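Chain and residue survey
As a plain string of letters, each chain reads:
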Amino acid sequence: MVSPQVSNAQKAETEERGASGNVIIVTAQRQAQSLQEVPIAVSAFDAKALESQQIENAADLQLTLPNVSFAKGNFTASTFTIRGIGDLCVGVTCDSATAIHVNGSPLFGTRLFETEFFDLERVEVLRGPQGTLFGRNATSGVVNIVTAKPDLSDFGASAEFEYGNFNSIETRGMINVPIGDTIGARVSGIYIKRDGYTTNLFDDSDVDDRDLYAVRGSLRFEPGSDTTIDLMGYYFHEKDTRLRNQKQACQRDPLGVLGCLNNRRDFDITNANSTLGGVLASSEFLAIQGIPAELGLGSLYGPDAFSGFDKPDDVRTVNTAYTPLYFADELQLQARIEQRFGAMKLTATGLYQDTEVDSRQDYFLGIQNRTDFATALNTLAFFGANGLPTGLAPPAPAFIPGSSAYFSPIVDALIPNGPQGVLCTSDNDEGNRGAFEGNSVCGDTPLSFDRSSETRESWSGELLLASDFDGPFNFLLGGIYAKSKTTDNSYYVNSFALDYASAILGSFGSLSGGLPPSYLATSMYRNNSIESNLESFGIFGEVYFDISDRLTFTGGLRYNDDKKDVRARTTFASFLNPYSNDGDPFDSPFVGTYDADPGVDGNQLTQFRGVGFDEITGRAVLDFAITPDNTVYASYSRGYKSGGINPPLTPIFNVAESFGSETVDAFEIGSKNVFANGKLQLNATAFYYKYSGLQLSRIVARTSVNDTVDANIWGVELESVIRPDPDWLINLTFSYLNAEVAGDQFFSNPRDPGGGDPDAVIIKDISNGSNCAVTGPVPGAADAFVAVVNGGLGLRAPEEFPADGNIPSSGAFSICDVLTGAVPANSGITVLSPGVEININGNKLPQAPELKASVGVQYTAQFDSGMTLVPRLDVALTGVQYGNIFNGRINRIEPFVQANAVLQLNSSDERWFVRGFVQNIFDSNSVTGLYVTDASSGNFTNIYTLDPRRYGVAVGASF
């Protein structure tokens, strides 16, 4: 890459040396080298390139880099995918496939990509596994953010103000102050505030806004010519109504067994009868438990809570009664010392990091209808006031003595103003305390919302020793040690129906057992990693040997050692807790009935697991200089990413407690070239990857669990910079990628648990909201079996899904455990949880577009006054990709085009500028990623899109 917006002086220098713009120095091999000299597929953007190409954040990098994609994730994270490999693993013990570094130090759970770039020296993106040198090993690549360092020689300052649509205000500033001859200080910052991208029809408000700031302070001390000490402190803060996902898609299932069908991503809402709250609070499930059916919030065969709700078709319009909240902050402290000893350089770097994130939003992005709740709420209020009727004739008591105490707490907590008043739902801002502990949020409509939160503290230390001998041999040796501790990584789901079901089931259970009035705790779903720890170290080294004056060999080895542990539990309606206990539900006298770890004798309140992984990785490279401006290289590298621990599940499914390490053998050939006296720069790469144990996430029992598959990946990449004369600059990139699952791999598709079998019956388990499938030896056998069992439960026989749903199986509500227990011996009937497995051999990996191409054109118009006017247009095409490993048309992400334009007027001395810009010229709402929720949520799909069209003006000055 080159630096656009080039000054006259810079162009003169360029012409004199015959290079294509400014030479960008990178540290892809942990030492300063020209970008064109490094035998690695690496792209770099200096400060000018970032500005002119409108690369303001990590998401923008995907529009200018071959085989690089970026999308938000479902749980406050994001995935940076390089050559088809991204963060497909989800969980507190997952490592990042793409390692994120700041000034060469690894970051853990960083919020760095939630702000915009400011006051940077450059951004480096290394494609391919980094088997030797970088931080903790990474299988897909490295993004290294290099901050601007203090200048010890001159005072400097700059300021920039931008205003755009959505009332967007953005300010940036920097001041650099030399302190004597040996110390320099630099302070910079950014502030961004804008209105929301999304209109909420519920109250005509704007949500998905931004309100954030970040500051960075740097100090450089050079006590002598051989010593450099750098200190850096960085703080980021955001608090606004940003949405984790812009929209939800669903082809609504009228049966309610799946919630969403398997053919299209319509702008519709799931069938609430398929959700956990819908089944547990249904009249059918309560009747099976011996509880009056009148207390059911609805029938599984009647209108669901979202009946009649019309989800807005516009991506930027929602209708939600729950205002989202997003909070994040991060502190980074870094120290770096470089000391030269003749031809040797010793570098010591330490980084401390403290991060927090907390995101809450409407779980379904919809408004529930409370009309069908009326009978249940009136019945509840009656029981709360009078008690449970005995059904006996006088003189026997009309109501069970003292039974009203089992229902009045529910009334007080959930419908404090009566059946027609507000409905209250447990809040989740005080750990496990909910509505029955006095911690609730109330509204006229039933609420459902989730929360994803984490606090993390990390630090790392690295030592490097590098040689700079005059002879053919040089080396680099290093070691790194890192620790990261996560305290309270939690995912919550709250809803009125969950509170209601946990209370009704708990009250009847405690009443029948002669126990104090109690509900089933926790009344909200919470997957809670109470504490997790990572301890990692690596020892590495590389040798560089000039076989001849044109041929160089690079060889590297690294030993990796990772240890992880986690203390966790998953709870919902797991044990009785007296209504009288207004503290932590885990203080309940009945908590001993809860077992977080069935694999250990006795009842455990938490599950503890620890794992360890080690691996030897490395690389070998031959680099041949055909001419001083043309080189070719061939490399082999082995990448590694450690495994982790799956969280405990409720209900329990047969999934592995841990998942293994991910390794890749990567083969690459490339060529880096400068032609026509610097007018053409052309870099080309071809690669082949053999992946073993590629980590993939899926949702089981409302929880992300991770499996491993094998994969083969190959592709080609082209990057070109053309400068036909000093006033023109053209950037071109192209890539092709083929990323497929290798070998037979069998998994159940959550969108179609029947696995495409027309003779299977897909079951919605009304005891826990999950799905299973029933298969039989001959057509009709499974349907007949389910019909018989369901008859005894008071449930209906299987029914067919709509013809356009792409679900050939039939479906029914039932209870999977009951069906399993009722299977006759040698009948050929099988009950499969979570469904029929299908072979995904040959399927495309998610977030791996086959084609990517981009072009950027820039012209510098010269005026007699010395001022310049620089227009630039960038257009990027991203081809077909899939948002899910199961592929199919419902998971297909269509190609999209992103176009940006900028026009900048520069003063003759380049001390000020005025800029106008447009981003996403076509105002595309193109989808960049998908996330399919689980069966108990109704199988809807969260979609992630490009930002809408943004335009505005900016002015800036430097001194």
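Structural notes, computed from the coordinates.

Scoring rules and cut-offs
Residues numbered from 1 in each chain as written. Predicted model: local features only at pLDDT ≥ 70, side-chain atom pairs only at ≥ 80, totals over all residues. Heavy atoms only, no water. Salt bridge = Lys/Arg side-chain N within 4 Å of Asp/Glu carboxyl O. Helix = DSSP H or I, 4+ residues; strand = E, 2+ residues; numbered from the N terminus. Buried < 20%, exposed > 50% of the residue type's maximum accessible area, 1.4 Å probe, protein only. Disulfide = S-S within 2.5 Å. Expected span 1.5 Å × (residues − 1). Pairing = 2+ DSSP bridges. Contact = heavy atoms within 4.5 Å. Axes fitted to C-alpha atoms, helices over the stretch in contact; angles between N-to-C directions. Core = buried A, V, L, I, M, F, W, Y, C linked by side-chain atoms within 4.5 Å. Patch = residues over 30% accessible without salt bridge, like charges linked within 9 Å, V, L, I, M, F, W, Y side chains within 5 Å. Areas by Shrake-Rupley, 256 points an atom, 1.4 Å probe, with all protein chains shown as cover. Lys, Arg positive; Asp, Glu negative; His and termini not counted. Charge placed at Lys NZ, Arg CZ, Asp CG, Glu CD. 1 Å grid on protein atoms, 1.4 Å probe; cavity = no way out; pocket = protein on both sides within 12 Å on 5 of 7 lines; lining within 4 Å. Points joined across faces, edges and corners; volume = space filled by probe spheres on them. Parallel < 35°, antiparallel > 145°, perpendicular 65-115°, else oblique. Left-handed = near helix turned anticlockwise from the far one by under 90°. Nonpolar A, V, L, I, M, F, W, Y, C, P; charged D, E, K, R; others polar. Phe/Tyr/Trp six-rings, centres within 6.5 Å; stacked < 30°, edge-to-face > 60°.

Some words on the pattern of salt bridges
One pass over the structure, following the stated rule, counts 39 salt bridges. Between Arg915 and Glu51 there is a salt bridge, with the nearest N and O atoms lying 3.5 Å from each other. Of this pair, Arg915 sits in strand β50 (residues 912–919) while Glu51 is found in helix α2 (residues 47–52), placing the two residues 864 residues apart along the sequence. As a salt-bridge pair, Arg609 and Asp597 come within 2.7 Å of each other at their nearest N and O atoms. One end of the pair, Arg609, is in strand β29 (residues 607–627); the other, Asp597, is in the loop between β28 (575–578) and β29, and 12 residues separate them in sequence. Classification of Arg609 as buried rests on a relative accessible area of 15%. In this structure Asp597 comes out as buried when scored by relative accessible area, which is 3%. A cluster of three or more residues bridged by salt bridges with shared partners is formed by Arg83, Arg127, Glu668, Glu717 and Glu719.

Focus on the state of the cysteines
Applying the stated criterion to the full structure yields three disulfides. There is a disulfide in this structure between Cys250 and Cys260, and the S-S distance comes to 2.0 Å. With the S-S dihedral at roughly -115°, the linkage between Cys250 and Cys260 falls on the left-handed side. Here Cys260 lies in the loop between β17 (247–249) and α4 (276–280) and Cys250 lies in the loop between β17 and α4, a separation of 10 residues in the sequence.

With respect to helix α8 (residues 496–512)
Between its first and last C-alpha, α8 extends 24 Å over 17 residues, near the 24 Å set by a 1.5 Å rise per residue. Burial of α8 is extensive: 15 of the 17 residues sit out of reach of the surface. A positive phi of about 70° marks Gly514, the residue just after α8.

Some thoughts on the sheet that holds strand β40 (residues 799–800)
A sheet is described by the order of its strands in space; here five strands give the open sequence β40-β41-β38-β39-β42, paired in mixed fashion. Only two strands of the sheet have a single partner each, and these edge strands are β40 and β42 (830–832). The pairing of β40 with strand β41 (residues 810–814) spans two bridges and is antiparallel. Counterpart to Glu800 in the pairing with β41 is Ser810.

Observations concerning helix α9 (residues 781–793)
Helix length check: α9, at 13 residues, gives a terminal C-alpha distance of 19 Å against a target of 18 Å (1.5 Å per residue), a fit within 8%. All buried positions along α9 are accounted for by Ala781, Ala782, Asp783, Phe785, Val786, Val789 and Asn790. Looking at the packing, one finds that the buried side of α9 touches β38 (761–765), β39 (771–775), β41 and α10 (816–822). Once α9 ends, the next one or two residues include Gly794, with phi positive near 80°.

Details of the sheet that holds strand β51 (residues 927–932)
Reading across the sheet, the three strands line up as β17-β52-β51 and stay open at both edges, with antiparallel pairing between neighbours. Both outer strands of the open sheet, β17 and β51, are each paired with one neighbouring strand and no more. Shown here is a sheet whose adjacent strand axes are inclined to one another by a mean of 35°, direction ignored.

Digging into the nonpolar core
By size, the foremost hydrophobic cluster in this structure holds 73 residues, and its most contacted members are Leu295, Leu297, Leu380, Tyr500 and Ile504. Breaking this core down by element, the ones donating at least two residues are α4, α5 (283–288), α6 (374–386), α7 (408–414), β24 (473–495), α8, β25 (518–521) and β28.

Observations regarding a negative patch on the surface
Together, Asp195, Asp203, Asp204 and Asp206 make up a negatively charged patch on the protein surface. In this fold, Asp195 is placed in the loop between β12 (183–194) and β13 (198–200). By relative accessible area, which is 33% here, Asp195 ends up partly exposed.

Focus: the pairing of β38
β38 sits mainly inside the fold: five of its five residues count as buried. The side-chain alternation of β38 yields two buried faces, one formed by Val761, Ile763 and Asp765 and the other by Ile762 and Lys764. Inspection of the sheet shows β38 paired to β39 by four bridges, in the antiparallel sense. Looking at β39, one finds that Ile762 is bridged to Ala773.

Here's the deal with empty space enclosed by the protein
Counted according to the given criterion, the structure contains 17 cavities of 30 Å³ or more. Here the second largest cavity defines a volume of roughly 350 Å³. In this structure, the second largest cavity is lined by 31 residues; those nearest its centre are Ala272, Thr275, Gly277, Gly278 and Ala497. At the level of elements, α4, β24 and α8 are the ones that each hand at least two residues to the lining of the second largest cavity.

Some points on the environment of Pro150
Positionally, Pro150 belongs in the loop between β9 (141–147) and β10 (156–164). Separated by 473 residues in sequence, Pro150 and Asp623 place their C-alpha atoms 35 Å apart. Look past the residues within four positions of Pro150 in its chain and what remains in contact with it is Asn176, Gly184, Ala185, Arg186, Ser218, Leu219 and Arg220.

Some words on the packing of α6 against α8
Running from N to C, α6 and α8 cross one another at 40°; their axes reach a closest spacing of 13 Å. As far as their axial angle goes, α8 and α6 are oblique. In this structure, the crossing between α6 and α8 has a hand that is left-handed. For the pair formed by α6 and α8, the contact residues are Ala376, Leu377 and Leu380 on the first element and Phe496, Tyr500 and Ile504 on the second. Classifying every residue of the contact of α6 with α8 gives six nonpolar, no polar and no charged.

Details of the packing of aromatic side chains
For the coordinates displayed, the defined rule picks out 29 aromatic pairs. Considering the side-chain rings of Phe364 and Phe940, the 5.8 Å spacing of their centres and the 65° angle between planes classify their relative orientation as edge-to-face. Pair noted here: Phe364 is in the loop between β20 (344–362) and α6 and Phe940 is in the loop between β51 and β52 (941–945), with a separation of 576 residues, a long-range link. Each member of the pair, Phe364 as well as Phe940, is classed as buried.

Describing the side chain of Asp765
Topologically, Asp765 is positioned in strand β38. Ignoring sequence-local partners within four residues, the contact set of Asp765 consists of Val279, Ser770, Ser814, Ile815, Cys816 and Asp817.

Quick look at a nonpolar patch on the surface
On the surface, Phe155, Ile175, Val177, Ile179, Val187, Leu219, Leu231 and Phe959 cluster together into a nonpolar patch covering about 710 Å² of accessible area. The element contributing the most residues to the nonpolar patch is strand β11 (residues 168–179), with three residues. Relative to the helices and strands, Leu219 resides in strand β15 (residues 210–224).

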